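# Summary of structural features
For reference, the chains in residue letters:
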Amino acid sequence: MHRVLTTCCFCACGCNLYLEVKNGKVVGVIPSRQHPIARGNLCLKGWNGFEFVHHKDRLKYPLIRKNGRLVEATWNEALELVAQRLSQIKERHGGQSLGVLSSGKCSNEENYLLMKFARAVLKTNNVDHCARLCHSPTVVGLGNAFGSGAMTNSISELARAKVILVTGSNTTEQHPQIARFIFDALARGSKLIVVDPRRIRLSKFAHIYLQPRLGTDVIWLNGMMKIILDEGLLDDAFIKMRTENFRAFSEHLRKFDLEQVEAVSGIAVEDLRRAARMYASVKRAMIIYSMGITQHICGTDNVQSIANMAMLTGHVEQECTGVGPLRGQNNVQGACDMGALPGTLPGYQSIADEGIRRKFEKTWKTDLPLAPGLTEIGMFHGTGDKKVRGMFIMGENPAMSHPDLRATRRALAALEFLAVSDIFLTETAQFADVVLPAASFAEKDGTFTSTERRIQRVRKAISPIGKSNPDWQIICELSARMNYPMHYESPAEIMEEIALLTPIYGGIYYDRLEHGWGLFWPCPNRDHPGTPFLHKGSFVRGKGRFDCISYRPPEETPDDQYPFYLTTGRIYAHWHTGSMSRRVTALSRERPEAFVEINPRDAKRLGVANRDTVRVTSRRGEITLKARLTDDVPEKTVFISFHFAEAPANILTHDRCDPGVGIPEFKVCAVRLEGVK
Amino acid sequence: MPDDVILNKEHLKSFLRKIAKERELIAPVKNRHGDTLFEVVSSVDDVTFDLETRPVVSPKSFFLPPTETLFHYQRKEGKYLFKEVLPKLSRVFFGLRSCDLWAILFLDVVFQEDFKDLYYLNRRQDTILINVGCREPMKNCFCKSAKSGPFLTQGYDLQFTDLGDRFFVEIGRPRGRELVEKWDYFFRPATNKDRDEQYEIVLEAESKFERIVDFDTAISRFMNNEVDDALWEELGDRCQGCGGCAYVCPTCYCFDMVDRPISDSEGERVRIHDACTLAGFTRLAGGHNPRHERSRRVRRRFYHKLPFAQERYHRPSCVGCGRCVEICFGRVDMIHFIRMVCERPEKSSQASLRLGEILLDAGLLSAEGLKIALEKQAGTGKPLGTQLVEDGLITTEEIVSALGLQLGMPGTPETGGVIGR
Ligand code: SF4
Ligand code: SF4
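Residues numbered from 1 in each chain as written. Chains lettered and ligands numbered in written order. Predicted model: local features only at pLDDT ≥ 70, side-chain atom pairs only at ≥ 80, totals over all residues. Heavy atoms only, no water.

## Quick word on the sheet that holds strand E7 (residues 127–132) of chain B
All names here are of chain B. With mixed pairing, the eight strands of this open sheet are ordered in space as E3-E2-E6-E7-E8-E9-E1-E10. Each edge of the open sheet carries a strand with a single partner, namely strand E3 (36–41) and strand E10 (187–189). Between one strand and the next, the sheet's axes are offset by a mean angle of 25°, whatever the strand orientation. When strand E1 (residues 4–8) meets E10, the two strands line up antiparallel, connected through three bridges. Looking at E10, one finds that Ile 6 is bridged to Arg 188. Packed onto the sheet, helix H6 (residues 192–206) meets E1, strand E8 (158–162), strand E9 (166–171) and E10 and runs at close to 90° relative to E9. (Pairing = 2+ DSSP bridges. Helix = DSSP H or I, 4+ residues; strand = E, 2+ residues; numbered from the N terminus. Axes fitted to C-alpha atoms, helices over the stretch in contact; angles between N-to-C directions. Contact = heavy atoms within 4.5 Å.)

Right, here's the structure in full:
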């Protein structure tokens, strides 16, 4: 038996744990006690999640589609075929007819390589990953306001914040370790404000709980800021010295009518006033937010409103004071950092910047494509010369995770060629022409970057299952077959290249990650200790920028035909599209089947009892699943999680996006409910 | 050979080296990342024994691993073939803490009282247990209150006491004596001076506990059904269902059994660790769960640890190691629980009145409604909260929301684990 320290592969809290290995199999985990986030415990997923590693459904050899069926093939056959078909499409229709999806589940090194493969080999900027579906508004919104779209502070600082405002984050379920720090803060006498349409568990501990209607965040945020302005609770000195565009912004706020707040969001002004005073009157306050803020057609507006509020009260640029967007996937922060995005190269360096492009061209010894890239959603909706004909998808499952699944699946089926590398035959892989078996986190080396920008090691504990291979090796092999050999002996060597080209990762070397618990970017050089909180002294972009934001209602709201709001999200026991968590005994036992949360009063009107089967229909499609009655959802609103393939929530959602960043509005659409006898 | 001997510290590694030749040596070792874990020691020279820190997980996992294959099965020509996987191990634990050793003795009872669990016993039977008494209890240790430390009076094979330059070694069960006799040249008989010194150390250690926990009061209040419902509700809300408390607990022994196919024709039956705070633990086929609310599961957990164990084994099954205290996400641990039970006013008419007042204040209940419920309650003897909910005068959620603000978190400023950097 031996034990290998590594980083959890589920959420972006980034717990470190020991995998216990016996006879080449992972048989248990032990949390690290010294690790500053794990602190000796894990959530249910961390404790039990490793089980999927040895599940019998793991892909053990490459598959090629022959006569409509996926059949076993050798690595050489499979890779040759992928290389040949991608090259063909590229020659006939150009690089922009190809698309690549990278993954928040894979390592930094793998994301970097796939991004490089897309740009240097396929000559396309059509490279994106699931951050599009979760925090693209953060990357852009906080980027606009502060100059950097990540958590401004580290997680443990939460324990010492005086006021914590949590909105659009079901923290106890989705970021359990972060909730643990919130509990620590409460025990020290800090105040908690929770603003969420659902009565999440954390609301029971809130000193103030506000329940806005879905999709009305700009309203209550503007209202709260107007109160702060009117009551003179703002931080004048901070605004003057550190920000710009305040005059226009304050004019904008002055015109805002507080009467609107209650009418639109349902929050009483007096309650909002209490919250405003509580938040604005202390020195150290943090805002924690997540998908509830970003997954709207106005996601960027929501994020920028949050940034406005933090600047208005001077709640940035200090320890224990700032804005914390909680990233979901274990390495979605890293995938963004690595430039697996259509518009940026690693470290958020713009591809449009001539000098930056040169730097990469010189190192990579090839030309980079100029045509702007498509987003993840865009790749499935293009027509004419925007049409994507061939795709390479690594560790993503759009056939479950994208909105309006019928349309998404049609688009997948219509591709001329699709290659997927994954650890299981996911819903997406079933559409593929070639499926490449990838190694899981337990079978490879690399790094993940957690939500607090902490770069940590992932260490190989066992050999790859069957004939599977780590994604970084798959990409190298493929690239070599497309006349662009990539020779890396290990992920450490890839990181050396990343450090060379990416200023914020400039000091990240594997030997430095061996001791201590990772490094926080920005870490520009070898001697730099890393940066737990950002914007110290001044914002990354120079001065923080206020923007005037006005409310836009959600794309689709209930009407006579579809009288309910539907909001979607995740639950504690499962992980995203369920390909891993549903194969873990303890997790699938915890929540074995799909369900829709309905308010008991609505259920009564519908004649539906707990655990009855219900049909939920939207303009896009319908699913049937079990009813779960709970007061946690308000009347006229239902909640469905998107983990269950037999009743995929995303059949119902629509694909209209925030125009600036392309995030779909997963959090609001309209549905109809009926009991099924 | 007398019942107590002295081992000079410079001979410790030599002694352990000898033992390690004959059986698997398991000891608390601080690894290069700074974590202390029980490790199988293959060479005594390469490791840093850490006798000061409580290992992250208890020694339980060496007897009841988190995943354990019981047998392989194979289907061949319509028939099933089974192959049992029975472990057989000779082991010695060195450097157990007293609480952890005591916990193993507790598991010994559980795994052979009704049914002899061969998987457990085969690992356990040929295992020698050596503890090192704790001179310095850690911050959250409360073994003294749990009567399982910091030093033991029985149950060990050998018990070590650190006397500075030497160990005072008490010989307990016969296998301990065998070890000392076999390598007697490392030991010398203890003198009265050694004994006096050891006695002082034990007394001093006992005076050092920061945590005094009143098990007796908690158990009796629990047994007399005097624990307020609101307390369970609050604990239920604070539990995040991680399972950690059961996984790290040295005496929690529940497991789940599953068949795991390896291919279409073969597979394994495994047992995996389980935790009573999980919904799946009690959910029945068909989906009904008698303990649907987390508060009910938390209640069940403490019931099992305290009154149930008290009745059945004449002591709580908690040994006071303090692990749950350090790791719980929401302070639903033994220390906080017992403190809450002991400090909160008893469930009584007075408590009912207080609850009534709170609800009136919060505008959730009319004075008329309260009067009716109080009258009824006098007859049924139910807690006021239950009565109100049953009469449809209020929902549980409303009570909790009203109480949430009033009760807040219990007043213990220290956090569980290490505050991160
Ligand atoms: S909190 Fe997140 S990182 Fe930690 S164990 Fe759970 S899923 Fe893993
Ligand atoms: S450790 Fe705490 S949070 Fe986790 S299951 Fe136990 S009581 Fe619940």
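## A word on the confidence of the model for chain B
All names here are of chain B. A residue-level look at chain B finds 90% of positions with pLDDT of 70 or above and a mean pLDDT of 87. Below a pLDDT of 50 lies the segment residues 405–421, which in the model reaches 50 contacts outside its immediate sequence neighbourhood of four places, other chains included. Here the prediction assigns the complex a pTM of 0.91, and the interface score ipTM is 0.93. (pLDDT = per-residue confidence, 0-100.)

## Thoughts on empty space enclosed by the protein
Evaluated as defined, the whole model comprises 14 cavities of 30 Å³ or more. There is about 230 Å³ of room inside the second largest cavity. Around the second largest cavity, the lining comprises 21 residues; the ones closest to its centre are Lys 60, Ser 61, Pro 66, Tyr 247 and His 273 of chain B. Breaking the lining of the second largest cavity down by element, the ones donating at least two residues are strand E3 (25–31) of chain A together with helix H9 (244–248) and strand E12 (266–273) of chain B. When residues of the lining of the second largest cavity are assigned to their parent elements, the largest contribution, three residues, is made by E12 of chain B. (1 Å grid on protein atoms, 1.4 Å probe; cavity = no way out; pocket = protein on both sides within 12 Å on 5 of 7 lines; lining within 4 Å. Points joined across faces, edges and corners; volume = space filled by probe spheres on them.)

## Re the domain arrangement of chain A
All names here are of chain A. Its domain assignment divides chain A into domain 1 (2–54), domain 2 (63–133 + 330–517), domain 3 (152–326) and domain 4 (564–675). For domain 2 versus domain 4, the separation of C-alpha centres amounts to 30 Å. Each side of the interface is counted separately: domain 2 has 19 residues, and domain 4 has 24 residues. Buried surface at the junction of domain 2 and domain 4, both sides included, amounts to about 1800 Å², of which 64% is carbon and sulfur. Counting across the interface, domain 2 meets domain 4 through zero salt bridges. Remark: the boundary between domain 2 and domain 4 carries nine residue pairs in polar contact (both at pLDDT 80 or more). For the side of domain 2 that touches domain 4, the secondary-structure elements that each account for two or more residues are helix H4 (131–134), helix H17 (398–401) and helix H18 (405–414). Here the side of domain 2 that touches domain 4 takes three residues from H18, the largest share from any one element. The class makeup of the residues in the side of domain 2 that touches domain 4 is seven nonpolar, six polar and six charged. (Domains from an automatic or database assignment. Buried area = accessible area lost by both parts, 1.4 Å probe. Salt bridge = Lys/Arg side-chain N within 4 Å of Asp/Glu carboxyl O. Polar contact = N/O pair within 3.5 Å; in protein donor to acceptor, adjacent residues only side chain to side chain. Nonpolar A, V, L, I, M, F, W, Y, C, P; charged D, E, K, R; others polar.)

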